[in-house]
Amino acid sequence: MASSLVVKLGNLIFKNPVLTASGTFGYGLEYKKYMDLNKLGGFIVKGLSVKEKLGNKPPRIVETPCGMLNAIGLQNIGVDRFIEEKLPKLENLNTHVIANIYGSEVSEFVEIAEKLDKEPKISAIEVNVSCPNVSAGGALFGKDPDMVFVLTASIKKVFSRPVIVKLTPNVEDIAFIAQAAEKGGADAVSLINTITGMVIDTKTKKPLLANKTGGLSGPAIYPVGVRMVYEVYEKVKIPIIGVGGIYSSDIALQYIMAGATLIQVGTANFIDPAISLEILKGIGEYLESEGIESISKLIGIAHAD
Amino acid sequence: MRLKIVQNEQIAKDTFVLKVDNPGLFEVLPGQFFMVKINDYPFPLLRRPFSVAGFSDTIDFIYRVVGEGTRILTTKEKGEFIDILGPLGNGFSINSTKKLLLVGGGIGVAPLLYLKSVIESEYKIRCDAYFGFNSKDEIFTDDGNIATMDGSAGFKGNVVEMVEDKLNSDVLVYACGPTLMLRRLAFLCFEANCSMQVSLESRMACGIGVCLGCVVQTADNRYKKVCVDGPVFDFEEIQWQAL
Ligand SMILES: Cc1cc2nc3c(=O)[nH]c(=O)nc-3n(C[C@H](O)[C@H](O)[C@H](O)COP(=O)(O)OP(=O)(O)OC[C@H]3O[C@@H](n4cnc5c(N)ncnc54)[C@H](O)[C@@H]3O)c2cc1C
Ligand SMILES: Cc1cc2nc3c(=O)[nH]c(=O)nc-3n(C[C@H](O)[C@H](O)[C@H](O)COP(=O)(O)O)c2cc1C
Ligand code: FES
């Protein structure tokens with residue numbers, strides 16, 4: 001018999017633990033050509049704000065060894081157009097669609113969450129308090145535990161399905177922030193978002209990105225993500241979603257063993273649009289070869305003495 | 001898609017041609033490009049965008065070695081397989097009511113060679129091609145009028161100077177090359193009331209419109225994605241001062 005890949009988050013059931021990360025999967029539709037979206041546990045759409053956002057000036061990306069820096073600045077079409085133009089096209093999919101949301105004030109987060117609560121196709125929301133590339137809100141919120149608590153509690157009041165809080169790694173003690181989200185009523189935490197970095201162009205002698213700094217993602221960051229999931233697992237009871245540098249089933253399994261219930265594939269989607277399904281396949285094969293009947297047995301196993 | 005390399009050889013200074021088997025599964029418009037995976041190992045991480053320079057029994061790319069990725073690409077040998085994603089982007093649109101002028105600079109000549117062959121063999125119309133290089137040793141085609149900056153072959157000077165007096169409202173220019181060259185050409189086209197389609201370059205992560213990394217600023221102060229809205233744009237759409 002094949003091993004079970006089913007996992008739960010609150011009362012949501014996921015057919016498998018593989019999600020795709022916000023900002024690396026568009027609105028999902030872009031990937032239809034390359035894979036069967038229904039095979040994914042779910043996908044998370046590009047961060048939505050109240051109004052359309054144009055984002056930062058180019059250049060917005062630069063490659064680094066085994067990684068990349070991005071300073072997109074949350075370019076998106078805004079929650080209303082998302083609901084009108086994109087959501088109807090996602091309606092018939094048999095997988096979870098999770099909305100990632102961003103605001104520069106608590107009231108903006110709440111406004112978006114209220115709108116999405118009326119859309120049954122949205123299974124959960126992921127609250128981005130960790131974007132390093134915007135001047136207001138973003139990672140500034142995510143560094144302040146009181147803010148994370150208030151924000152989570154306010155969103156929980158208006159959104160009836162699971163609320164996931166996505167944390168920034170650019171803090172001293174990520175478990176402390178995760179506990180604040182848990183106290184605020186979060187159903188899960190996602191970690192990590194990108195790590196702030198900079199590249200200087202030695203020809204112009206200036207930072208290469210127009211925004212000067214950007215967020216580092218890709219294989220280079222996975223050891224940081226795994227470490228943070230491991231730390232947070234020891235401090236909170238809610239499920240953890242692991243993200244950061246996952247490009248193979250081996251790295252996905254490391255996150256799960258560190259304590260992640262679900263994982264997200266990010267930058268790797270850019271290189272191979274169907275890589276998340278490869279990773280899923282690899283996880284299944286690992287379970288079978290190890291004779292493990294359910295993935296739930298692996299979650300946090302690295303903590304055992 | 002993993003395709004077999006048929007040829008990967010140096011054809012001019014720092015310039016190589018890479019030909020891969022054409023699986024015959026799709027059409028390619030001139031101006032479209034592929035994202036080429038350099039290695040299996042995640043270094044270099046991102047794919048590299050290359051325009052199609054020819055499309056028949058093989059899909060042909062002409063590339064210039066500028067950094068780590070293109071350097072590694074030169075080590076690939078005939079018979080090896082290489083992973084390419086595409087065809088991507090919009091391509092040039094061919095308008096046969098105007099006099100067609102191709103203007104390319106350096107490696108930007110590559111996509112224009114395929115465009116030229118389609119214009120001549122499928123549309124059976126004439127086009128004039130002007131290609132600029134730094135010096136004789138960089139030239140990788142004899143299919144057009146040549147300019148070199150150092151005068152070692154053809155017209156001495158910038159290719160833009162060579163076409164300046166040919167721009168007028170009956171002409172449609174197809175251009176690809178360094179940003180400075182394109183900006184100068186755009187300025188002249190505005191003055192001469194001449195139309196122009198330009199193929200732009202931008203740093204790309206995905207090539208399929210999801211990362212939003214490749215945008216260019218448009219004349220109305222918004223952004224368009226080079227990978228899916230381009231790489232070919234009507235020159236009037238672009239905010240040239242921002243490039
Ligand atoms: C649509 C399009 C078509 C192109 N067609 C061709 C072609 O036919 N022939 C050719 O030689 N070159 C072409 N280029 C440029 C080519 O993609 C770069 O020269 C190449 O990616 C450099 O890689 P590298 O690893 O050698 O350089 P590195 O400097 O080591 O690369 C580091 C990073 O910067 C990016 N980068 C560097 N230079 C450029 C550039 N000029 N444009 C975009 N990204 C860049 C790389 O993709 C990589 O992610 C095209 C670019 C685009 C956007
Ligand atoms: C181009 C790009 C855009 C992103 N946009 C968002 C976003 O809108 N919201 C968000 O919460 N995270 C965003 N992220 C962060 C990713 O979801 C993910 O947390 C991060 O990239 C680490 O995972 P990875 O190394 O697998 O990419 C973005 C990342 C990239 C590379
Ligand atoms: S390269 Fe990703 S959106 Fe254009």
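Residues numbered from 1 in each chain as written. Chains lettered and ligands numbered in written order. Predicted model: local features only at pLDDT ≥ 70, side-chain atom pairs only at ≥ 80, totals over all residues. Heavy atoms only, no water.

Peer 1: Describe the interface of chain B and chain A, and please don't skip the residues or the numbers.
Peer 2: Size of an interface: often given as the accessible area lost when the parts come together. Taken together, the contact pairs 26 residues of chain B with 32 residues of chain A. Interface area for chain B against chain A, summed over the two sides, is near 2500 Å², with a carbon-plus-sulfur share of 64%. It is B:Leu45, B:Val210 and B:Tyr223 in chain B that bury the most area against chain A; as a group they hold 26% of the surface buried on that side. Linking chain B to chain A there are 4 salt bridges. With a shortest N-O distance of 2.6 Å, A:Glu63 and B:Arg48 are connected by a salt bridge. (Contact = heavy atoms within 4.5 Å. Buried area = accessible area lost by both parts, 1.4 Å probe. Salt bridge = Lys/Arg side-chain N within 4 Å of Asp/Glu carboxyl O.)

Peer 1: Break down the packing of helix α2 (residues 106-117) of chain A against helix α4 (residues 145-158) of chain A for me, citing the residues and quoting the values.
Peer 2: All names here are of chain A. Contact pair α2 / α4: the axes reach a minimum separation of 9 Å and the direction vectors enclose 25 degrees. Here α4 runs roughly parallel to α2, going by the angle between their axes. For the crossing formed where α2 meets α4, the hand is right-handed. Contact residues: α2 offers Val106, Phe109, Val110, Ala113, Glu114 and Asp117, while α4 offers Met147, Leu151, Ser154, Ile155 and Val158. Taken together, the residues that form the contact of α2 with α4 break down as 8 nonpolar, 1 polar and 2 charged. (Axes fitted to C-alpha atoms, helices over the stretch in contact; angles between N-to-C directions. Helix = DSSP H or I, 4+ residues; strand = E, 2+ residues; numbered from the N terminus. Parallel < 35°, antiparallel > 145°, perpendicular 65-115°, else oblique. Left-handed = near helix turned anticlockwise from the far one by under 90°. Nonpolar A, V, L, I, M, F, W, Y, C, P; charged D, E, K, R; others polar.)

Peer 1: A description of the sheet that holds strand β7 (residues 96-101) of chain A should follow, citing residues and the corresponding values.
Peer 2: All names here are of chain A. Reading around the circumference, β3-β4-β7-β8-β9-β10-β15-β16 is the order of the 8 strands in this closed barrel, with parallel pairing throughout. Each adjacent strand pair in this sheet contributes to an overall mean axis angle of 25 degrees, direction not counted. Of the pairings in the sheet, the one linking strand β3 (residues 18-20) to strand β16 (residues 260-265) comprises 3 bridges and is parallel in character. Bridging from a neighbouring strand, Leu19 pairs with Gln264 of β16. (Pairing = 2+ DSSP bridges.)

Peer 1: Got a sec to walk through the pairing of strand β3 (residues 33-36) of chain B? Specific residues and values, please.
Peer 2: Residue and element names in this part refer to chain B. Where burial is concerned, the two faces of β3 agree: the one with Phe33 and Met35 and the one with Phe34 and Val36 are both buried. Examined bridge by bridge, β3 and strand β4 (residues 48-51) share 4 bridges and lie antiparallel to one another. Bridged to Met35 within β4 is Pro49. Pairing of β3 with strand β7 (residues 81-88) involves 3 bridges; the strand directions are antiparallel. If you follow Phe33 over to β7, its bridge partner there is Leu88. (Buried < 20%, exposed > 50% of the residue type's maximum accessible area, 1.4 Å probe, protein only.)

Peer 1: Any details on the site of ligand 1? Residues and values, ideally.
Peer 2: For ligand 1, the set of nearby residues contains 20 residues, the closest of which are B:Arg48, B:Pro49, B:Gly69, B:Thr70 and B:Glu201. Mapping the residues near ligand 1 onto chains gives chains A and B. Separating an oxygen atom of ligand 1 from a side-chain N or O atom of B:Arg203 is a distance of 2.9 Å. Coverage of ligand 1 by the protein amounts to 85% of the 820 Å² it exposes when considered alone. Counting residues per element, the shell around ligand 1 draws most heavily on β4(B), at 4 residues. Residues of the shell around ligand 1, tallied by class, amount to 9 nonpolar, 5 polar and 6 charged. (Near = heavy atom within 4 Å. Polar contact = N/O pair within 3.5 Å; in protein donor to acceptor, adjacent residues only side chain to side chain. Areas by Shrake-Rupley, 256 points an atom, 1.4 Å probe, with all protein chains shown as cover.)

Such coordinate-based values are descriptive only and should not be taken to indicate function.
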